[in-house]
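# Structural overview for review
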Amino acid sequence: MRRLVRNWNGRLLFNGKSGQEIVGHAGVHQEAKSESSTKEEGAGEVDKNGYGAKHCMKLVEKYDYENYLCTLLLPRELRRAAFALRAFNVEVSRSVSGHLVEPQIAKLRLKFWHDSIDKCFEAESQRSYVEDQPVLRELKHTVGSRKLNKVYLRRLVTARDRPHTHGFETVRELEEYAEQTFSSLLLLLLEVAGVRDLQVDHAASHLGKAQGIATLLRAIPLAGRQQAACVPLEVLVRHGVSQERIIRCKSDDKGVEECIFEVASAANGHLKLARQLKDQVSPLVPKIFLTAVATDAYLERLRRANFLLTHKSCTGRDSMLPARLFWKSLFNRY
């Protein structure tokens, strides 16, 4: 399976004949065009050697491996735009992650990405710093060739403008954060695919909440005391558990187990609602929603580990995930 992924990676964005030309969004090979081609200029300058596209792929592969696998299974004409959006999300997330990042520096980084969104939507932005930043260059190309909602891109940035030591007060606040950071990205991918359906948007909202909550749970053992645990304060008070006990996460602590169970149950409830989508939708939707497979697999491993976040099955990489994703994609399920 690893060799299969590498093969896909090698021929993902390039013409099989030349190995250099980038595949266009409509499945049409992007030929070398003259400087007078106004259509290509409107969508952004062509990256002749494909550096921007390859940079986005490697960035997602390194920092968001599960979504990297899901993006590989998208139709070829959607992959470049999907990797650009996911790479932008990775860069925004990295701007505020890590215990060595000062709050003021994190705010400046978020301000840079927030202002860059407007630059990507401007017609003359290719003359600015956008052309020198590979992720922004790919994002501008996506914006120029697709009709994307700027609000969703901004939500990816503004939602993360919060102190890393500030926890969540209620489960609803946790769900709203997950919706802004994860559902917004799914809605952007639906726009890239040209899917306009209120029912599908509703399912994307629930799936984003489930994925966001599960991701925040997985981050607790890795972050340690450098940031507040994602377990809401109302859940901690209800079970008489402190943040310190959540971080330590001892196997014999029943209070911590109950807290993690309650938060994981909220994620599982949203996942079930997302999977109630009817079959009368575009065949692209299940492929965009393949992230549900990874989320469901983690929640199942967490359940089998009695909601112990530090269990080895919950902290390592799922070796069977590529096979599960391929199988679900084959039958157009999520």
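Small disclaimer: the values here were computed from a predicted structure and weren't measured.

Glancing now at the overall build of the protein. Tallying secondary structure elements over the protein gives 17 helices and zero strands in all. Scored against the burial criterion, the 334 residues of the protein give a buried share of 51%. The contacts of the protein with a sequence gap of at least 6 include a subset with a gap of at least 24, amounting to 69%. For the protein, the computed accessible surface area is about 16900 Å², with 51% contributed by carbon and sulfur atoms.

In the Ramachandran plot, cysteine 249 falls in the positive-phi region, its phi being about 50° despite a non-glycine side chain. Here cysteine 249 lies in the loop between α12 (243-248) and α13 (254-274). Here the phi dihedral of phenylalanine 307 falls at roughly 60°; this positive angle occurs in a residue that is not glycine. You can see phenylalanine 307 is positioned in the loop between α15 (291-304) and α16 (312-315).

One finds Phe88, Leu217, Ile246 and Phe289 to be the most contacted residues of the largest nonpolar core, which totals 94 residues. For this core, the leading source of residues is helix α9 (residues 171-192), giving eleven residues. Discounting residues that sit within four places of it in the chain, phenylalanine 289 has contacts with Leu190, Val200, Ala203, Ala204, Leu207, Leu277 and Tyr334.

Our focus in this paragraph is the packing of α15 against helix α17 (residues 321-330). In contact at an axis separation of 10 Å, α15 and α17 are set at 135° when each is read in the N-to-C sense. By the angle class used here, α15 and α17 are oblique. Regarding α15 and α17, the two cross each other, and that crossing is right-handed. Each of Val293, Ala294 and Ala297 in α15 lies in contact with α17, whose residues at this interface are Leu321, Arg324, Leu325 and Lys328. For the contact of α15 with α17, the residue count by class is five nonpolar, no polar and two charged.

Here we take up helix α6 (residues 103-121). Spanning 19 residues, α6 covers 28 Å between terminal C-alpha atoms, matching the ideal 27 Å at 1.5 Å per step. Buried residues along α6 sit in contact with α5 (76-96), α7 (134-145) and α8 (150-158).

As a further point, take the packing of aromatic side chains. Inspection of every chain in the model, using the stated rule, returns eight aromatic pairs. Considering the side-chain rings of tyrosine 68 and phenylalanine 83, the 5.8 Å spacing of their centres and the 50° angle between planes classify their relative orientation as tilted. You can see tyrosine 68 sitting in helix α4 (residues 65-72) and its partner phenylalanine 83 sitting in helix α5, a full 15 residues away along the chain. No difference in accessibility class separates tyrosine 68 from phenylalanine 83, as the two residues are buried. Judged by centre distance (5.0 Å) and plane angle (70°), the ring pair of phenylalanine 112 and tryptophan 113 falls under edge-to-face. Accessibility expressed as a relative area gives 32% for phenylalanine 112, which makes it partly exposed.

The rules behind the values
Per-chain numbering applies: the sequence of each chain, read as written, is numbered from 1 onward. Restriction of local features to residues with pLDDT of at least 70 applies here, the model being predicted, together with a cutoff of 80 or more for giving and counting side-chain atom pairs; totals for whole chains, interfaces and linings are based on all residues. As a convention, hydrogens and water are excluded, and side-chain values are obtained from all of the structure's heavy atoms. In this description a helix means any DSSP run of H or I spanning at least four residues, a strand means any run of E spanning at least two, and both kinds are numbered starting from the N terminus. Here the term buried applies to any residue with accessible area under 20% of the maximum for its type, exposed to any over 50%, and partly exposed to those in between, with areas from a 1.4 Å probe on protein chains only. Contact definition: two residues touch when any of their heavy atoms are within 4.5 Å. Shrake-Rupley sampling with a 1.4 Å probe provides the accessible areas, and residues are treated as covered by the protein chains on show and by no other component. Residue types Ala, Val, Leu, Ile, Met, Phe, Trp, Tyr and Cys, when buried and joined through side-chain atoms within 4.5 Å, form a set referred to as a nonpolar core. Each axis is a line fitted through C-alpha atoms, taken for helices only over the stretch in contact, and angles between the N-to-C directions span 0 to 180 degrees. Working definition: roughly parallel below 35 degrees, roughly antiparallel above 145 degrees, roughly perpendicular at 65 to 115 degrees, and oblique for all remaining angles. It is the rotation of the near helix from the far one that decides the hand of a crossing: anticlockwise by less than a right angle makes it left-handed, clockwise makes it right-handed. Classification convention: Asp, Glu, Lys, Arg as charged; Ala, Val, Leu, Ile, Met, Phe, Trp, Tyr, Cys, Pro as nonpolar; all other residues, Gly among them, as polar. Expected helix span is taken as 1.5 Å per residue step, with the number of steps being one fewer than the number of residues. Whether two aromatic rings pair depends on their centres lying within 6.5 Å, for rings of Phe, Tyr and Trp, where Trp uses its six-membered ring; planes under 30 degrees apart make the pair stacked, over 60 edge-to-face, and the rest tilted.

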